[in-house]
Amino acid sequence: MSYTGLRSLLPKNDLLSFGVLALLLVVILPLSLDIFRLNLIGKYLTYAFVALGLVLCWGYGGILSLGQGVFFGLGGYAMAMFLKLEASSPENTAIQSTPGIPDFMDWNQLTELPWFWEPFHSLGFTIIAIVLVPSVFAYIIGVAMFKRRVGGVYFAIITQAVAAILTILIIGQQGYTGGVNGITDLRTLNGWDIRTDGAKYFFYFLCVFLLFVCLLIAQFVRKSKLGRLLVAMREMEDRVRFSGYDVSNFKIFVFCLGSAFAAIGGAMFTLQVGFMSPTFVGIVPSIEMVIFCAVGGRLSIIGAVYGTLVVNWAKTSFSESFPELWLFAMGALFIAVVMAFPNGLAGLYKKYGEPLLLRVIDKVKAGRGGLGGDLNSKGVVHERQ
Amino acid sequence: MFADYSTSELMSIFAMQGFAGLILFSVFVLMALGLAIIFGQMGVINMAHGEFMILGAYITYLTSNIFADHMPQLFGSYFFIAMALAFVAAGALGMLVEWALIRHLYHRPLDTLLATWGLSLILQQLYRTIFGAREVGVTLPDWLMGSIQLTDVIEVPINGIFVMSLAIGISVTVAALMYRSRWGIQVRSVVQNRPMAGAVGINTAKVDRLTFGLGCGIAGVAGSAFTMIGSTGPTSGQLYIVDTFLVVVFGGAQSLLGTIASAFTISQAQSSMEFFLSGSMSKVLTLLFVVFILMLRPQGLFSLKVRR
Amino acid sequence: MATMRNARPSGLGSKLPVLVKALAGAVAGATMALSAAVHAAPSTAEVNTTNLAVTDDKVTVGILHSVTGTMAISETGSVQAEKLAIEQINAMGGVLGRQIEYIQEDGASDWPTFAEKSRKLLVNDKVAAVFGCWTSASRKAVLPVFEQYNGMLYYPTFYEGLEQSPNVIYTGQEATQQILAGIDWVVKTKGAKSFYLLGSDYIWPRTSNKIARKHIEKLGLKVVGEDYYPLGHTQFNSIINKFKLKKPDVIFASVVGGSNVAFYKQLKAAGIDMTKEKPLVLTISVTEDEILGIGGENIEGAYASMKYFQSLTNDNNKAFVKAFKERWGDDIVIGDVTQAAYLGPWLWKAAVEKAGSFDIDKVREASPGIELTSAPEGYVKIHPNHHLWSKTRIGNAKTDGQYEIVYETPELIEPDPFPEGYQ
């Protein structure tokens, strides 16, 4: 990409926030935290993928999905299936009545691997499946809903029902899915032990890298015509439709993109935590992920990352010291974000932080003899009414 | 699977299964009516609906304890008082919540979802702090226990009949309020066109508060009734929330008749499938069926034609 | 000079005895202190070679249960039992002369949180043992963590078996211990011929029913139906109609959580009087804790098969119930899992003292064969497979929410987590 292209993709204020985030995630946190805490941050960052997808779908597209956990889960399960097959080599599972299949299948009297597990012997297939399966699933849901102009609250509730269906299915079909226990005890990736500290560092940085890739894609969408159309659709869908655009296709696209992000997050979750369970597919985690996005600021892709980090960090430290108070704090946070800070952390930053930072930078530049830059940040999306 | 049974046995089983479906139907109606008013009429997504129901259940628990301790001779009738108290308590809390939270959010329906979800977390923890993490057992008066024997095989649980009559009673009352009272006219006009309703002198804020309170109050009564068939614990409310929303949405959010029709459809589908399939699979199929129909008819079974 | 030269030795000579005396005294004192310490508290370097959180007067353990979320209902009792046991051990002088301190973490009914918190307890806090987990799912989630960082988990719940980890001591019963005795009893004394198996839809009920079905069929009897409902399901009228149609002699129920309450209330309301035992209800999932929510009058007449009931009359149990009520309130009830959780700290203490060390490997080596004669359930012993030998009892539910014990296996039952012929 040319310099001007990059410049238009990342104007000064955005470049600044990307840079600060990169500094935080790549340098400051790894240097200041031990591997246990860093691994936790890595886990939180996997939720940030979902929150990022929600910024695009909900903040820009106005499509609130309460079933993002479904896609997070699908991605995570795809990864977990590969790792589980590797962990269930005939040597490792010699005590089972049927060696070579995952332990939970053996407990449920399965004597051979189900057909849909077979392809997950291949890492290449798995990586493709992680992105493709949830996207296709999202595409089907999207076509069915958006072509029929189901939107807003109805869409939210239907996605919720989808999450409920998938959870019941996964738990009910435990011979094929591991049931409520999930797929546990994952050890190696192509023979490499994923439980060591070294692996954890590696996955942390891989996670950060992928997050930045997704952030850039999201930024690209935001800055493109598509992003502006999404905002237009959110504000006045009919007018966009009357202008000759096929509104549903844009919605389907952004919904698929959001679900692909969520799936990547899910796969990274499995790698870092070492198992996948149906608790992530359900309704409660799906709604929690919406709150990560809302705390960060539903219009800010960078904010989504901070929102996720802040809420989860608070959750961990709160529940370590005052488990009983945690739900009060979490509930209050939901209400406060909605009532007092509808634009979340990003809104606060835009209002107070960024002008200050830019002024400082400009002062420094001016001090060096440069010209003062304009303080008004361009490209600020209109606040939603 | 029916080869081993005589025709009369089969007939009675089908009769009982139909009755089981009717009980489920009444349960769904009770769950959904309050939400139908709040969501359907006001467009507020109240995720704390289940917690309002559990408030009713806890009020019933407290009332039963008070009666057992202080006036055991009146224990048989405590349930009616408990339901009235549940209505008042849940309704009052509902009005408070409307005043503090909801009224600021009428133009942002998706945000009401988040705020009320936060509220539901706070209420859950509040119940846990006050009543303990364990479930509480509500003692029922004797006349509500047991069943009526109609034939050798057909037995009808009394609390089922009670829930059913309650569901009918509340539905009729709500319908009368909505379509036969002055207040109902005001509610409907506010729903259809808020500025215009305000312009002709309706106090829309007051109408909103009462409507929200009424919806929550009905949830409280439902929760009180559910102590007969379900558990009462800090998180019990979450068991109901998805079903409740589906019933309301499936029925077509703005139509009370739709809510009742959808409760009937879903409950019958689920209970007849439960007889042939495992419980988990019938739940999945019912949900799939509802989602599928909603894709065909996004506005639900009955939708109100309104110009917006 | 001379005087000085003379003076020095004399000076030294005059001072030396004092110094020597002082020194000798100090040394003697130290050795005495040391020998006393050997009796009460061996040196930390000796009992802790793996850098656990053990100091000269303290040892830190972890308690990991859900105090929030849906499982808090069940896990509260376990937390109380473990705290009580720790307090009692401390009052008796602790373990190897060290007072036990605990760090409590909340699993929040969420399995990944359990994994995260167990990692924190083992890696950051370096606890010497963890008492915790309740559901199988939470145990499965933490298991790899315990195996990786070599921790020791005392797991209190009755569970499905099919597991034997060097890093877990299972203080509850595995499925065959609980189920086989129950079915044998109901067949022998009640003449049961046909069974209906019902459970919540997850691994424990499914595995339990599998074992039950195999056993019933081995006895030449019939299973007339098997059904599962999603966790949290609250409508059981359809299954009750199926009971009425199939007329089983025994309903074998492993419904859990909030569903339990709904199931028994609706069973009672549908006119099935469990005291008439037609059909007889045999449950493996309803402890006294659950009856609190269900209401004694709604479950009166049902039978439960497990290893402990609060109504046991041995002296150990009387003392335990008294202490538990003094600590946590008079209206509290104690169920099977609560008692099993109470065993955890005591078994750990016994193993540590036998090993003379807090090191996980030594505690593991010392564990098989550890006996506890003071257990409220009577007597337990750790099997080399890390489960407990225990008796199984059948209780009959009464309206006051207690079980009346109607049967007790004559012998301790050997734990068999991988039962041949039942898989």
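Residues numbered from 1 in each chain as written. Chains lettered and ligands numbered in written order. Predicted model: local features only at pLDDT ≥ 70, side-chain atom pairs only at ≥ 80, totals over all residues.

For the record, the criterion: UniProt positions are given in the numbering used here, feature names are shortened, and annotations may be inferred rather than shown by experiment.
Within an unreviewed UniProt entry, the label attached to chain B reads Urea ABC transporter permease subunit UrtB, and the organism entered is Gilvimarinus algae. According to its UniProt record, chain B has this under Sequence similarities (unreviewed entry): "Belongs to the binding-protein-dependent transport system permease family. LivHM subfamily." Checking UniProt for chain B, the heading Subcellular location (unreviewed entry) contains the comment "Cell inner membrane".

Labelled according to an unreviewed UniProt entry, chain A appears under the name Urea ABC transporter permease subunit UrtC, originating from Gilvimarinus algae. UniProt lists a comment for chain A under the heading Subcellular location (unreviewed entry), and it reads "Cell inner membrane".

**Here we look at the overall build of chain A**
Cut-off, in case you're wondering: Segments assigned H or I by DSSP are reported as helices when at least four residues long, segments assigned E as strands when at least two residues long, and all are numbered from the N terminus. Taken over C-alpha atoms, the radius of gyration is set against a globule rule of 2.2 Å times the number of residues to the power 0.38. For the purpose of contact definition, each residue receives a C-beta atom placed from its backbone, and two residues are in contact when these atoms lie within 7 Å.
A count of helical and extended segments in chain A gives 16 helices and 2 strands. Computed over C-alpha atoms, the radius of gyration of chain A comes to 22 Å, within 12% of the 21 Å expected from 2.2 N^0.38 for 385 residues, which places it in the range of a compact globule. Over its C-alpha atoms, taken along the principal directions, chain A stretches across nearly 75 × 50 × 50 Å. Restricting to contacts in chain A with at least 6 residues of sequence separation, those with at least 24 account for 78%.

**Some thoughts on the overall build of chain B**
Within chain B one finds 11 helices and 2 strands. For chain B, the sequential pattern of α-helices and β-strands runs α-α-α-α-β-β-α-α-α-α-α-α-α. In terms of overall size, chain B behaves like a compact globule, its C-alpha atoms giving a radius of gyration of 20 Å where 308 residues would be expected to give roughly 19 Å. Overall size of chain B, expressed as C-alpha extent along the three principal axes, is 70 × 55 × 35 Å.

**Some details on the UniProt feature "transmembrane region" (unreviewed entry) in chain A**
All names here are of chain A. When the UniProt feature table is mapped onto this chain, "transmembrane region" (unreviewed entry) is found at residues 15–33, 45–74, 123–146, 153–172, 201–221, 242–269, 289–313 and 325–349. Secondary structure across residues 201–221 divides into 100% helix and 0% strand, with the first and last C-alpha atoms of the span separated by 30 Å. Taken end to end, residues 242–269 is 86% helix and 0% strand, and its two terminal C-alpha atoms sit 43 Å from one another.

**With respect to the nonpolar core**
We count it as follows: The term nonpolar core means buried Ala, Val, Leu, Ile, Met, Phe, Trp, Tyr and Cys residues held together as one set by C-beta atoms within 7 Å. Using C-beta atoms placed from the backbone, we call a residue buried if 20 or more other C-beta atoms fall within 10 Å of its own, exposed if 12 or fewer do, and partly exposed for counts in between. Where each domain begins and ends is defined by an automated method or by a domain database.
A:Ala51, A:Leu52 and A:Val55 are the most contacted members of the largest nonpolar core, which totals 334 residues. Residue contributions to this core peak at 20 residues, all from helix 1 (residues 7–42) of chain B. Mapped onto the domain boundaries, this core takes at least three residues apiece from domain 1 (58–172 + 313–390) and domain 2 (176–306 + 395–408) of chain C. Excluding anything up to four places from it in sequence, A:Leu52 contacts A:Cys214, A:Leu215, A:Ala218, A:Phe261, A:Ile301 and A:Ala304.

**Concerning the interface of chain B and chain A**
Quick note on the threshold: Residues were grouped as follows: Ala, Val, Leu, Ile, Met, Phe, Trp, Tyr, Cys and Pro as nonpolar; Asp, Glu, Lys and Arg as charged; and all remaining residues, including Gly, as polar.
Taken together, the contact between chain B and chain A spans 34 residues of the former and 37 residues of the latter. Taken together, the elements giving at least two residues each to the side of chain B that touches chain A come down to helix 4 (109–131), helix 9 (238–251) and helix 11 (279–296) of chain B. Of all the elements, helix 4 of chain B adds the most residues to the side of chain B that touches chain A, at 14 residues. Of the residues that constitute the side of chain B that touches chain A, the class distribution is 25 nonpolar, 7 polar and 2 charged.

**Brief notes about helix 6 (residues 123–146) of chain A**
Going by this rule: In this analysis, the expected span of each helix is defined as 1.5 Å times one less than the number of residues it contains. Fitting axes to the seven residues that end at a residue and to the seven that start at it, the angle between those axes gives the bend at that residue.
Taking 1.5 Å as the rise per residue, helix 6 of chain A with 24 residues should run 34 Å; its terminal C-alpha atoms sit 34 Å apart, in good agreement. Along its length, helix 6 of chain A reaches its greatest deviation from straightness, about 35°, at A:Ala129. Of all the residues in helix 6 of chain A, the buried ones are A:Ala129, A:Ile130, A:Pro134, A:Ser135, A:Ala138, A:Ile141, A:Gly142, A:Met145 and A:Phe146. Where the residues of helix 6 of chain A are buried, they touch helix 4 (68–87), helix 7 (152–172) and helix 12 (247–273) of chain A together with helix 11 of chain B.

**Overview of the sheet that holds strand 11 (residues 371–372) of chain C**
Short version of the rule: Here, strands pair whenever DSSP counts at least two bridges between them.
With respect to topology, 3 strands assemble into an open sheet ordered 11-12-13 (chain C), the strand pairing being antiparallel. Only two strands of the sheet have a single partner each, and these edge strands are strand 11 and strand 13 (388–389) of chain C.

**Describing the confidence of the model for chain B**
Rules: A residue's pLDDT is the predictor's confidence in that residue, given on a scale from 0 to 100.
With 95% of its residues at a pLDDT of 70 or more, chain B has an overall mean of 85. Mean pLDDT across the elements of chain B ranges from a minimum in strand 1 (residues 147–149) of chain B, with 79, to a maximum in helix 3 (residues 78–100) of chain B, with 94.

**Here's the deal with the pairing of strand 9 (residues 280–283) of chain C**
Residue and element names in this part refer to chain C. Just so we agree on the cut-off: The crossover handedness rule: strands pointing away from the viewer, path from first strand over the helix to second strand clockwise, crossover right-handed.
Alternating positions in strand 9 separate into two faces, Leu280 and Leu282 on one and Val281 and Thr283 on the other, with burial throughout. Pairing analysis gives 4 bridges linking strand 8 (residues 250–254) to strand 9, with the strands arranged parallel. Counted as the bridge partner of Ile251 is Val281 from strand 9. This β-α-β element, strand 8 to helix 9 (residues 258–269) to strand 9, shows right-handed connectivity. Judged from the 2 bridges that link them, strand 9 and strand 10 (residues 303–306) form a sheet pairing that is parallel. For Thr283, the partnering residue across the bridge sits in strand 10 and is Ala304.

**Observations concerning the interface of chain C and chain B**
In this complex, chain C contributes 36 residues to the contact, which on the side of chain B involves 40 residues. Elements with a minimum of two residues in the side of chain C that touches chain B: helix 3 (72–91), strand 7 (222–229), helix 8 (237–246), helix 9 and helix 10 (288–294) of chain C. For the side of chain C that touches chain B, the element with the highest residue contribution is helix 9 of chain C, accounting for 7 residues. Here the side of chain C that touches chain B is composed, by residue class, of 13 nonpolar, 15 polar and 8 charged.

**Brief notes about unusual backbone geometry**
For the peptide bond that leads from C:Lys278 to C:Pro279, omega is -5°, which places it in the cis range. Tracing the chain through its elements places C:Pro279 in the loop between helix 9 and strand 9. The backbone of A:Asp185 sits at a positive phi, close to 60°, despite the residue not being glycine. Given 20 C-beta atoms within 10 Å, A:Asp185 falls into the buried group. Look at C:Asn51: it is not a glycine, yet its phi comes out positive at around 65°. Position of C:Asn51 among the secondary structure elements: in the loop between helix 2 (44–47) and strand 1 (58–65).

**Re the sheet that holds strand 7 of chain C**
Residues and elements named next belong to chain C. Heads up, the condition is: The axes are straight lines fitted to the C-alpha atoms, using for helices just the contacting stretch, and the angles between their N-to-C directions are given from 0 to 180°.
What the 7 strands build is an open sheet, ordered 7-6-8-9-10-14-15; its pairing is mixed. At either end of the open sheet lies a strand with only one pairing partner, and these are strand 7 and strand 15 (403–408). Averaged over all pairs of adjacent strands, the angle between strand axes in this sheet comes to 25°, irrespective of strand direction.

**A short note on the UniProt feature "transmembrane region" (unreviewed entry) in chain B**
Annotation from UniProt places "transmembrane region" (unreviewed entry) at residues 20–40, 52–68, 74–97, 160–179, 212–233, 239–263 and 275–296 of chain B. With 100% helix and 0% strand, residues 160–179 of chain B has end C-alpha atoms that lie 28 Å from one another.

**A few points about the confidence of the model for chain A**
Averaged over all residues, the pLDDT of chain A is 86; the fraction at 70 or higher stands at 94%. Overall, residues 369–385 of chain A carries pLDDT values under 50, and its contacts beyond four positions in sequence, including any with other chains, amount to 17 contacts.

**Brief notes about helix 2 (residues 12–32) of chain A**
The first and last C-alpha atoms of helix 2 of chain A sit 28 Å apart over 21 residues, in line with the 30 Å expected at 1.5 Å per residue. Helix geometry: helix 2 of chain A is bent most strongly at A:Leu24, by close to 35°.

**Observations regarding the environment of C:Asp359**
Relative to the elements of secondary structure, C:Asp359 occurs in the loop between helix 13 (336–355) and helix 14 (360–366). On a C-alpha basis, the gap between C:Asp359 and C:Ala129 in space is 9.8 Å, while along the polypeptide they are 230 residues apart.

**With respect to the environment of B:Arg180**
By secondary structure assignment, the location of B:Arg180 is in helix 5 (residues 158–180). Residue B:Arg180 is classed as exposed on the basis of its 10 C-beta neighbours within 10 Å.

**Some points on the packing of helix 13 (residues 283–296) of chain A against helix 14 (residues 301–321) of chain A**
Residue and element names in this part refer to chain A. Threshold: The hand of a helix crossing depends on one turn: near helix anticlockwise from the far one by less than a right angle means left-handed, and clockwise means right-handed.
One can describe the packing of helix 13 onto helix 14 by two numbers: an axis separation of 7 Å at closest approach and a directional angle of 115°. As helix 13 runs across helix 14, the sense of the crossing is right-handed. On helix 14, the residues touching Ile291, Phe292, Cys293, Val295 and Gly296 of helix 13 are Gly303, Ala304, Val305, Tyr306, Gly307, Thr308, Val310 and Val311. Residue classes in the contact of helix 13 with helix 14 are distributed as 9 nonpolar, 4 polar and no charged.

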